[in-house]
Amino acid sequence: MIIIGEKINGSIPKTGAAIAAKDEEYIRQLARMQTEAGADYIDCCASVNEGELEVMEWLINIVKEESDLPICIDSPDPQVCVDAMKFCDGRVGIINSVSGEGNKIDVVFPAIADTKWGCVALLSDDTGIPKTADDRIKVFEAIMERAKEYGIAPNRLYIDPLVETLGANPESMLVFNECCERIKEAYPTIHITSGLSNISFGLPGRKFINMPFLVLAMNAGMDSAIMDPANRDMNGVLHGAEALLGEDEYCLDYIEAYRDNLFGPLNRD
Amino acid sequence: MGTLEDLREKVMKGKRKETGPLVQQALDEGCDPQEILDVMVDAMGVIGEAFSRGEAFVPEMLVAARAMSAGTAVLKPVLVAEGNEPVGHAVIGTVKGDMHDIGKNLVRMMIESKGVEIADLGVDVAPEAFVQYITEHPECKVVCLSALLTTTMPALDETVKAITEAGLRDQVKIMVGGAPVNQEFADEIGADAYTPDAGAAAERIVLFYQN
């Protein structure tokens, strides 16, 4: 699994407050904590109304000092994503994100065409999130068409089929899984990712929705997640599911993660 | 890092593809074959002890044992050519009616790591099959019996009885083990030893050959 650490995001109230107060130490600690927890990328999302690019530069510079991990540049504004690439120096990261919406692809794909950068692509378009798997796959096919045009190989793309809140749509997981299966069948090397906690929005005991979601989605082909890498419950489920799916010979990664105290009992005496 | 030190670490980490070539390299560098074997035995011992303490886990034992066999496969012809005798001969099996093999396999691997030649009769082994093996192999001095269920524990008793009735009880020592088995039960059925885990079984069996 490719884990994109989600904690440095201004839409999380505490992180938003730290950004507003220019609390460098708080951001630094989030970067450190996610690195130690085994994240593969550190997401940086400013989530501010004005001066987004400057905030992005500030965030990325802190992360660069604190961690060797590549950065996932997260903004609804494709121009900010592209402009922030230069702050990452040589580190090849991921743009988060494009979709079938507006001009996002027109801005981002040319900018990453001749690089090794990855890109998250959401299966939404100008009409919003399509209800059916068929309609989301149409958006997907249109995105792949454009990727081909710019010579962006499937293995650089992180497709997010999008999860609707289960409490509002009982078919949410089923649609998500159908998308995963069809996407992987068409492009076996492509990545599928998800900001998965949306599935449980508005429900009590959210982890009891989030954890089985992770397992079922992994079984359908999801191989990346945008999540808190230090969430012990999710870590245990993630490593357990990888082993069960035959992606961890002799459970050695599972054991290592347990030994690194990423999940399981806190007190090991 | 010296070759032997490297070999020791690779066995402990279960790096199967690297142990064979490392054994060859150690031989080429002129290391004593017995010393090479000792290093691997020692590495297995460390894993076995960690396992007993609950600090290492079943798959780690399995990959370490697998790595060691890859190493011994290279070493064995050399040891045989030099006339090195195995520490002793033994036979192991899970008793009749019981299909569990993980624990039994771990015990076998740990015993092998001590340089004991041990035949594995598999799972669901009838008392007569043990009797037949012992009869046909007079060099076999120890019988290791495994039972993982309370319902198959009586088969341990039956196997000991069958060996006694066949007049073979003086030829062999009998070791028993498995989750529901304990020292009290071992005494009750007249077994010679009970050990709680694979590492302990390997330590214990060696003592039989020293007497």
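Residues numbered from 1 in each chain as written. Chains lettered and ligands numbered in written order. Predicted model: local features only at pLDDT ≥ 70, side-chain atom pairs only at ≥ 80, totals over all residues. Heavy atoms only, no water.

**Some remarks on the environment of Glu 54 of chain A**
Position of Glu 54 of chain A relative to the elements: it lies in helix H3 (residues 52–66). Residues Glu 54 of chain A and Val 175 of chain A lie 121 residues apart in sequence; the distance between their C-alpha atoms is 38 Å. (Helix = DSSP H or I, 4+ residues; strand = E, 2+ residues; numbered from the N terminus.)

**Some remarks on the confidence of the model for chain B**
Here chain B averages 92 in pLDDT, and 100% of its residues register 70 or above. Two summary scores accompany this predicted model of the complex, namely pTM at 0.80 and ipTM at 0.71. (pLDDT = per-residue confidence, 0-100.)

**Things to note about the interface of chain B and chain A**
Listed as interface residues are eight residues of chain B and, on the opposing side, seven residues of chain A. When chain B packs against chain A, the two sides together hide about 630 Å² of surface, and 67% of this comes from carbon and sulfur. On the chain B side of the interface with chain A, the three residues burying the most area are Phe 57, Pro 59 and Glu 60 of chain B, jointly 55% of the side's total. In this structure, the salt-bridge partner of Glu 249 of chain A is Arg 66 of chain B, at a minimum N-O distance of 3.9 Å. The interface formed by chain B and chain A contains two residue pairs in polar contact (both at pLDDT 80 or more). Taken together, the residues of the side of chain B that touches chain A break down into five nonpolar, no polar and three charged. (Contact = heavy atoms within 4.5 Å. Buried area = accessible area lost by both parts, 1.4 Å probe. Salt bridge = Lys/Arg side-chain N within 4 Å of Asp/Glu carboxyl O. Polar contact = N/O pair within 3.5 Å; in protein donor to acceptor, adjacent residues only side chain to side chain. Nonpolar A, V, L, I, M, F, W, Y, C, P; charged D, E, K, R; others polar.)

**A closer look at the domain arrangement of chain A**
Residues and elements named next belong to chain A. Under the domain assignment, chain A is made up of domain 1 (1–80), domain 2 (92–225) and domain 3 (231–269). Distance between the C-alpha centres of domain 1 and domain 2: 21 Å. Counting from both sides, the interface comprises 15 residues of domain 1 and, opposite them, 20 residues of domain 2. Buried surface at the junction of domain 1 and domain 2, summed over both partners, amounts to about 1400 Å²; 60% is from carbon and sulfur atoms. The largest share of the area that domain 1 buries against domain 2 comes from Met 1, Ile 2 and Pro 78, three residues that together contribute 42% of it. Seen at the junction of domain 1 and domain 2, the total is eleven residue pairs in polar contact (both at pLDDT 80 or more). Of all the secondary structure elements, the ones that give two or more residues to the side of domain 1 that touches domain 2 are strand E1 (2–5), strand E2 (41–45), strand E3 (71–74) and helix H4 (78–84). Counted by class, the side of domain 1 that touches domain 2 contains eleven nonpolar, two polar and two charged residues. (Domains from an automatic or database assignment.)

**Focus on the sheet that holds strand E1 (residues 88–94) of chain B**
Where strands meet in a sheet, backbone hydrogen bonds hold them as pairs that are either parallel or antiparallel. All names here are of chain B. The parallel open sheet is built from five strands, whose spatial order is E2-E1-E3-E4-E5. The open sheet terminates on both sides in strands that have one partner only, identified here as strand E2 (116–120) and strand E5 (193–194). One ladder, built from five bridges, connects strand E3 (residues 140–146) with strand E4 (residues 173–177); its direction is parallel. Bridge pairing links Leu 145 to Val 176 in E4. (Pairing = 2+ DSSP bridges.)

**Focus: the pairing of strand E4 (residues 94–100) of chain A**
Residues and elements named next belong to chain A. With six of seven residues buried, E4 lies mostly within the body of the structure. Sheet analysis places E3 next to E4, joined by three bridges and oriented parallel. Bridge pairing links Asp 74 to Asn 96 in E4. Considered for its hand, the β-α-β crossover made up of E3, H4 and E4 is right-handed. Pairing of E4 with strand E5 (residues 118–125) involves six bridges; the strand directions are parallel. Its bridge partner lying in E5, Gly 100 is registered against Asp 125. (Buried < 20%, exposed > 50% of the residue type's maximum accessible area, 1.4 Å probe, protein only. Right-handed = clockwise from strand over helix to strand, strands pointing away.)

**Details of the packing of helix H1 (residues 3–12) of chain B against helix H3 (residues 33–52) of chain B**
All names here are of chain B. Remark: H1 packs on H3, axes separated minimally by 9 Å, with the N-to-C direction vectors making an angle of 35°. Crossing geometry of H1 relative to H3 is assigned as right-handed. Packed against H1, whose contacting residues are Leu 4, Leu 7, Arg 8, Val 11 and Met 12, the element H3 presents Glu 35, Ile 36, Val 39, Met 40, Asp 42, Ala 43, Met 44, Val 46 and Ile 47 at the interface. The residue makeup of the contact of H1 with H3, split by class, is eleven nonpolar, no polar and three charged. (Axes fitted to C-alpha atoms, helices over the stretch in contact; angles between N-to-C directions. Left-handed = near helix turned anticlockwise from the far one by under 90°.)

**Some thoughts on helix H5 (residues 104–112) of chain A**
Inspection of H5 of chain A places Lys 104, Ile 105, Val 107, Val 108, Phe 109 and Ile 112 of chain A among the buried residues, and these make up the whole buried set. Buried residues in H5 of chain A make contact with H4, E4, E5, helix H6 (133–149) and strand E6 (157–160) of chain A.

**Overview of the side chain of His 239 of chain A**
Here His 239 of chain A is to be found in helix H9 (residues 232–244). Setting aside residues no more than four positions away along its own chain, His 239 of chain A makes contact with Asp 253, Tyr 254, Ala 257 and Phe 263 of chain A.

**Brief notes about unusual backbone geometry**
Residues and elements named next belong to chain A. Across the junction of Asn 96 and Ser 97, the peptide omega takes the value 15°, indicating a cis bond. Along the polypeptide, Ser 97 turns up in strand E4. Positive phi is not limited to glycine here, since Ser 47 has a value of about 55°. Relative to the assigned elements, Ser 47 resides in the loop between E2 and H3. Looking at Ser 47, the relative accessible area reads 41%, which means it is partly exposed. Unlike most non-glycine residues, Tyr 250 shows phi in positive territory, near 60°. Look at Tyr 250 and you get partly exposed, because its relative accessible area is 30%.

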